[in-house]
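What the coordinates show
Residues per chain, in single letters:
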Amino acid sequence: MAFSNIPFRTTTQKQYSDMTDLPSAQRAPVQDFYPTRLRSAPDALWQPRKEAVVKGRELNGPLTRAQLDEFERKGFLFIPNLIRGEELKELRQEMKALMEHDNFRERDFSVTEPESQEIRSLFAVHFLSRRLGELAKDERFAGAARQIIGAEPYVHQSRINYKPGFAGKGFNWHSDFETWHAEDGMPRMHAVSASLILTDNHEFNGPLMLIPGSHEKFVPCLGETPANNHKRSLKAQQVGVPGPQALTELVNEYGIEAPKGKAGGLLLFDCNVLHASNANLSPDPRSNVFFVYNRPDNRCQTPFAAPHRRPGFLVHPPGAQWTPK
């Protein structure tokens, strides 16, 4: 079964007051505004962000002005108890069915823990599941993305993340945009992630940690991208990781926050905010379903710092259809 990955509305509406700084799908080559995966250390630890954070305040959507202000300031927004009751129960059941699906094990879109066969991430879930495909188009998710990115969104990537109790490993500090820019060819910072937590997140089961304010600074990384880097990085990221000096200075300036709460909360976070997670040292699993929304005029092109773009289960262009092979 395949779903078409089209923007979620067909009506035309004003999307941006100044389109001159936006990448065009028809323009080639695209300028690299954020060089990374460098051979030698740059003169500065970071460079300032070149795009606005919130671009669609005038567009319809579920977020209030105060919520948009918080997202703009911190680079993320946590909305507790967005989904409850029977709807949450059904989504948890859908996640369980997907994670236990025999045909999905040992497939390229199914990533296991570094030291076990426990599934760590299952990708392209809005194509694998009709229910999650519908959720990706839900106005509570897609509408919030529209207000933030300033255009009708499409799903660039989707996945289920799962950290089993005692066995779930952590993930190094990184900016998603750095990876999508370097390895997928995403030109600019016009993407937002929506993570719906499906199990309670608390301080002991490896919740996501974020550096508020770090989305305003792009930290270039050192080291060339190996071929097929995704096969290693999805288990344990080593390339595309900021250096300790940059991280130390950013944490000293902004601190670290870890949004926590009951299952059903939604975390929206900017593509460039630095985030990480610790290992799950509790018996309680931690899981979420995750949609990345991008602007159609910011679709991925030639990778800026990799031999080739990553596979289709990781990078969905507008209008794409995908089925497991």
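Read on for a plain summary of the structure.

Quick look at the overall build of the protein
A tally of helices and strands in the protein yields eight helices and twelve strands. Among the 325 residues that make up the protein, the fraction classed as buried is 54%. Looking at the protein alone, contacts between residues at least 24 apart form 87% of all its contacts between residues at least 6 apart. About 14,100 Å² of surface is accessible on the protein, with carbon and sulfur atoms providing 50% of the total.

Some points on the sheet that holds strand E7 (residues 191-197)
Spatial ordering of the open sheet is given by E2-E10-E7-E12-E5-E4-E3, a layout of seven strands whose pairing is antiparallel. Strands with a single pairing partner mark the edges of an open sheet, and in this sheet they are strand E2 (76-79) and strand E3 (110-112). Sheet twist, expressed as the mean angle between neighbouring strand axes with direction ignored, is 15°. Relative to strand E4 (residues 119-123), E3 is paired through three bridges, and the arrangement is antiparallel. Counterpart to Ser110 in the pairing with E4 is Leu122.

Concerning empty space enclosed by the protein
Tallied over the entire structure, the rule returns three cavities of 30 Å³ or more. By volume, the largest cavity amounts to about 620 Å³. For the largest cavity, the lining is made up of 38 residues, of which Arg159, Asn161, Phe171, His174 and His275 are closest to its centre. Contributions of two or more residues to the lining of the largest cavity are made by E4, strand E5 (154-163), strand E6 (171-174), helix H6 (176-184), E7, strand E10 (266-270), strand E11 (275-277) and strand E12 (286-294). Sort the elements by how many residues they give to the lining of the largest cavity and E5 lands first, with five residues. Per-class residue counts for the lining of the largest cavity are 15 nonpolar, 13 polar and ten charged.

Here's the deal with the nonpolar core
Within the largest apolar cluster, 65 residues are counted, with the highest numbers of intra-cluster contacts made by Leu268 and Tyr293. The biggest single contributor to this core is helix H5 (residues 139-149), with six residues. In terms of nonpolar packing, the next biggest core, distinct from the first, is built from nine residues, Ala246, Leu250, Leu274 and Ala276 among them.

Brief notes about the sheet that holds strand E8 (residues 208-210)
Strand order in the open sheet formed by three strands is E6-E11-E8, and the pairing between neighbours is antiparallel. Every interior strand has two partners, whereas the edge strands, E6 and E8, have only one. Going across the sheet, the axis of each strand differs from the next one's by a mean of 20°, ignoring polarity. Of the pairings in the sheet, the one linking E6 to E11 comprises two bridges and is antiparallel in character. By the bridge assignment, Phe171 is partnered in E11 with Ser277.

Regarding the packing of aromatic side chains
Under the defined criterion, the tally for this structure stands at ten aromatic pairs. Taking the centre distance of 5.9 Å and the plane angle of 65° together, the rings of Phe123 and Phe313 count as edge-to-face. On the criterion of sequence distance, the pair formed by Phe123 in strand E4 and Phe313 in the segment after E12 is long-range, its members being 190 residues apart. Classification of Phe313 by relative accessible area gives buried; the value is 3%. Plain terms: the ring middles of Phe141 and Phe291 are 6.2 Å apart, the flat faces sit at 85° to each other, and that makes the pair edge-to-face. Taken together, the positions of Phe141 in helix H5 and Phe291 in strand E12 put the pair 150 residues apart, joining distant regions of the chain. The class of Phe141 is buried, set by a relative accessible area of 0%. Every member of this aromatic cluster is reached through a ring pair, and the members are Phe104, Phe109, Phe127 and Trp322. Its guanidinium or amino end placed over the ring of Tyr34, Lys50 lies 5.1 Å from that ring's centre, counting from NZ or CZ. Cation over ring: Arg188 sits above Phe33, and NZ or CZ is 3.9 Å from the ring centre.

Definitions and cut-offs
Residues numbered from 1 in each chain as written. Predicted model: local features only at pLDDT ≥ 70, side-chain atom pairs only at ≥ 80, totals over all residues. Heavy atoms only, no water. Helix = DSSP H or I, 4+ residues; strand = E, 2+ residues; numbered from the N terminus. Buried < 20%, exposed > 50% of the residue type's maximum accessible area, 1.4 Å probe, protein only. Contact = heavy atoms within 4.5 Å. Areas by Shrake-Rupley, 256 points an atom, 1.4 Å probe, with all protein chains shown as cover. Pairing = 2+ DSSP bridges. Axes fitted to C-alpha atoms, helices over the stretch in contact; angles between N-to-C directions. 1 Å grid on protein atoms, 1.4 Å probe; cavity = no way out; pocket = protein on both sides within 12 Å on 5 of 7 lines; lining within 4 Å. Points joined across faces, edges and corners; volume = space filled by probe spheres on them. Nonpolar A, V, L, I, M, F, W, Y, C, P; charged D, E, K, R; others polar. Core = buried A, V, L, I, M, F, W, Y, C linked by side-chain atoms within 4.5 Å. Phe/Tyr/Trp six-rings, centres within 6.5 Å; stacked < 30°, edge-to-face > 60°. Lys NZ or Arg CZ within 6 Å of the ring centre and 35° of its normal.

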